[in-house]
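Understanding the architecture of this molecule
Here are the chains, one letter per residue:
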Amino acid sequence: MSLYAMFTSKGPSGFGYASTAEDVTEGLSLAGKTYLVTGCNSGLGHEACRVLVLRGARVIGTARTAEKAKAALTPFGGTTIPLACELSDPKSVRACVETVKRDGLKLDGIICNAGIMALPKLEQAFGYELQFFTNHVGHFMLVTGLLGQLTDTGRVVMLSSAAHTMAPKEGIQFDNLSGAKRYGDWKNYGQSKLANLLFAKELARRFAGTKKTANAVHPGVISTNLGRHMNAAMNVVFKAFGGLFLKTIPQGAATEVYVATNPSLADVSGKYFADSNVAKSRADGDDAALAKKLWDVTEKIVADLPK
Ligand SMILES: NC(=O)c1ccc[n+]([C@@H]2O[C@H](COP(=O)([O-])OP(=O)(O)OC[C@H]3O[C@@H](n4cnc5c(N)ncnc54)[C@H](OP(=O)(O)O)[C@@H]3O)[C@@H](O)[C@H]2O)c1
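Residues numbered from 1 in each chain as written. Predicted model: local features only at pLDDT ≥ 70, side-chain atom pairs only at ≥ 80, totals over all residues.

**Details of helix α6 (residues 130-146)**
- Relative to the 24 Å expected for 17 residues at 1.5 Å per residue, α6 spans 23 Å between its end C-alpha atoms, a close match to the ideal helical length.
- Taking the largest bend as the criterion, α6 deviates by roughly 25°, centred on V137.
- Within α6, 14 of the 17 residues are buried, leaving the element largely enclosed by the surrounding structure. (Helix = DSSP H or I, 4+ residues; strand = E, 2+ residues; numbered from the N terminus. Expected span 1.5 Å × (residues − 1). Bend = angle between axes of the 7 residues up to and from the residue. Buried ≥ 20, exposed ≤ 12 C-beta atoms within 10 Å, placed from the backbone.)

**Concerning the packing of α6 against helix α7 (residues 185-207)**
- Remark: α6 packs on α7, axes separated minimally by 8 Å, with the N-to-C direction vectors making an angle of 15°. Between α6 and α7, the angle falls in the class roughly parallel. The handedness of the crossing between α6 and α7 comes out as right-handed. For the pair α6 and α7, contact is made by Q131, F132, N135, H136 and F140 and by N188, Y189, Q191, S192, K193, A195, N196 and F199, respectively.
- When grouped by side-chain class, the residues that make up the contact of α6 with α7 number five nonpolar, seven polar and one charged. (Axes fitted to C-alpha atoms, helices over the stretch in contact; angles between N-to-C directions. Parallel < 35°, antiparallel > 145°, perpendicular 65-115°, else oblique. Left-handed = near helix turned anticlockwise from the far one by under 90°. Contact = placed C-beta atoms within 7 Å. Nonpolar A, V, L, I, M, F, W, Y, C, P; charged D, E, K, R; others polar.)

**Overview of the nonpolar core**
- If you look at the biggest cluster of nonpolar residues, it comprises 73 residues, and the most contacted ones within it are Y35, A48, L52, V59, M158, A200 and V257.
- Beyond its immediate stretch of four places on either side in the chain, L52 contacts L30, Y35, A57, V59 and V257.
- Among the nonpolar cores identified, the runner-up in size contains five residues, and I116, M117, A118 and L226 belong to it. (Core = buried A, V, L, I, M, F, W, Y, C linked by C-beta atoms within 7 Å.)

**A word on the site of the ligand**
- Around the ligand, the structure places 29 residues, and the nearest of them are G39, G43, A114, G115 and L226.
- Residue composition of the shell around the ligand, by class: twelve nonpolar, 14 polar and three charged. (Near = placed C-beta within 6 Å.)

**So, the sheet that holds strand β7 (residues 150-159)**
- The eight strands are arranged β3-β2-β1-β4-β7-β8-β9-β10 in an open sheet whose pairing can be described as mixed. Looking at the sheet topology across the chains shown, the edges are occupied by β3 (80-84) and β10 (277-279). In this sheet, adjacent strand axes meet at a mean angle of 25° when their direction is disregarded.
- Looking at chain direction, strand β1 (residues 34-38) and strand β4 (residues 107-112) are connected through three bridges and run parallel. Within the sheet, the bridge partner assigned to L36 lies in β4 and is I110.
- Lying on the sheet, helix α3 (residues 43-54) is in contact with β1, β2 (58-63), β3 and β4; it crosses β1 at an angle near 165°. (Pairing = 2+ DSSP bridges.)

**Structural notes on unusual backbone geometry**
- For A118, which is not glycine, the phi dihedral falls at a positive 55°.
- Its location among the elements puts A118 in the loop between β4 and β5 (124-125).
- Given 21 C-beta atoms within 10 Å, A118 falls into the buried group.
- Positive phi, normally seen in glycine, also occurs at S276, with a value near 55°.
- Position of S276 relative to the elements: it lies in the loop between β9 (272-274) and β10.

**Examining helix α4 (residues 66-73)**
- Along α4, the residues that are buried comprise A69, A72 and L73. Along the axis of α4, the buried positions cluster into a sector of 85°, meaning they face one direction only.
- Elements in contact with the buried residues of α4: α3, β2 and β3. (Arc of directions from axis to C-beta.)

**Notes on the pairing of strand β8 (residues 213-218)**
- With six of six residues buried, β8 is to be regarded as a mostly interior element.
- Side chains T213, N215 and V217 project from β8 onto one buried face, and the interleaved A214, A216 and H218 project onto a second face that is buried too.
- Here β7 pairs with β8 via five bridges, running parallel. If you follow V157 over to β8, its bridge partner there is N215.
- Examined bridge by bridge, β8 and β9 share three bridges and lie parallel to one another. Bridge pairing links V217 to F273 in β9.

**Digging into the environment of A200**
- Summarising the element assignment, A200 is placed in helix α7.
- Expressed as a C-alpha distance, the spacing of A200 and V156, which sit 44 residues apart in the sequence, is 7.6 Å.
- For A200, the contacting residues outside a window of four places in its chain are V156, M158, A214, N215 and A216.

**Some points on the pairing of β3**
- As paired strands, β2 and β3 are joined by five bridges and run parallel to one another. If you follow I60 over to β3, its bridge partner there is I81.
- Handedness of the crossover joining β2 and β3 through α4: right-handed. (Right-handed = clockwise from strand over helix to strand, strands pointing away.)

**Considerations on the environment of S269**
- Among the secondary structure elements, S269 is positioned in the loop between α10 (254-261) and β9.
- Separated by 69 residues in the primary sequence, S269 and A200 have C-alpha atoms spaced 8.6 Å apart.
- Excluding residues that lie within four positions of it along the chain, S269 makes contacts with A204, F207, T213, A214 and N215.

Below you can see the structure in the form of structure tokens.
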């Protein structure tokens with residue numbers, strides 16, 4: 001496919017690479033709906049929140065601190081609820097879950113958008129590699145804690161990435177979740193994004209027979225704060241030439257908003273999306289046994305975390 005065709009073509013959904021979050025919700029009223037979005041203060045999450053509010057939804061936006069979330073959401077007007085959810089701190093995740101439950105907030109969608117990428121050196125939380133812990137374990141705690149708050153047709157959207165293809169060949173390195181035996185900035189980011197994808201698959205399996213759905217998305221490649229840990233040269237290239245080959249932030253936010261809100265996806269679950277269309281993941285992104293094993297292992301990790 002030529003670059004021009006890639007930028008302009010549309011898939012079966014009627015949307016494509018260049019569609020924005022506003023495009024994919026054009027004419028849609030989200031009045032009466034409530035969405036929780038993690039990472040509301042930056043990049044794609046910030047834009048997703050803006051457009052959800054624009055379409056009339058109530059938005060619970062989480063950031064590492066409530067102050068950050070409030071500062072991000074206030075300019076949008078509408079009805080927003082800023083909450084702290086530091087994903088690498090189980091106490092903060094649990095407190096976020098408890099607040100949503102205590103306030104009886106029913107959720108039409110949870111968009112697990114927050115993430116960190118390509119940390120140059122091994123960092124850990126509670127003995128686990130930090131990208132795995134933040135991107136996967138933190139969201140696992142949040143979503144499993146909030147399952148009872150989902151409406152009967154509630155949707156869970158996991159931000160994965162095409163970078164899940166950079167995960168180790170064996171998929172998830174269950175013998176090396178600390179990262180101490182082997183560590184690679186992109187390999188471990190890829191592993192965490194494969195984990196996001198597998199989580200959506202296993203959740204979809206558990207939702208079978210209900211009207212709830214779980215899906216994963218690749219948003220595209222977009223210059224955001226996510227690149228803060230990339231090496232300086234790559235950041236210079238992104239900043240100088242990004243306009244030629246990267247999506248804009250409104251385009252990057254489209255797929256997560258589309259999957260969370262589009263009425264035609266009411267029965268679509270367990271899929272991987274890119275450019276607001278169903279896409280193909282790496283083969284082990286479809287491995288049900290691997291997804292189940294990751295769920296079981298993560299459940300045990302969470303159970304053993306300090307209370
Ligand atoms: N941009 C891309 O090209 C691209 C490509 C594929 C997938 N993705 C995925 O898209 C998602 C959004 O990325 P983005 O590009 O919008 O990046 P971004 O601008 O860096 O936003 C990431 C968000 O995650 C939050 N976050 C990071 N660590 C956190 C933690 N420990 N606890 C709570 N929140 C935390 C950040 O908060 P702070 O601002 O406080 O750090 C920020 O709000 C990520 O999951 C990423 O993996 C992005």
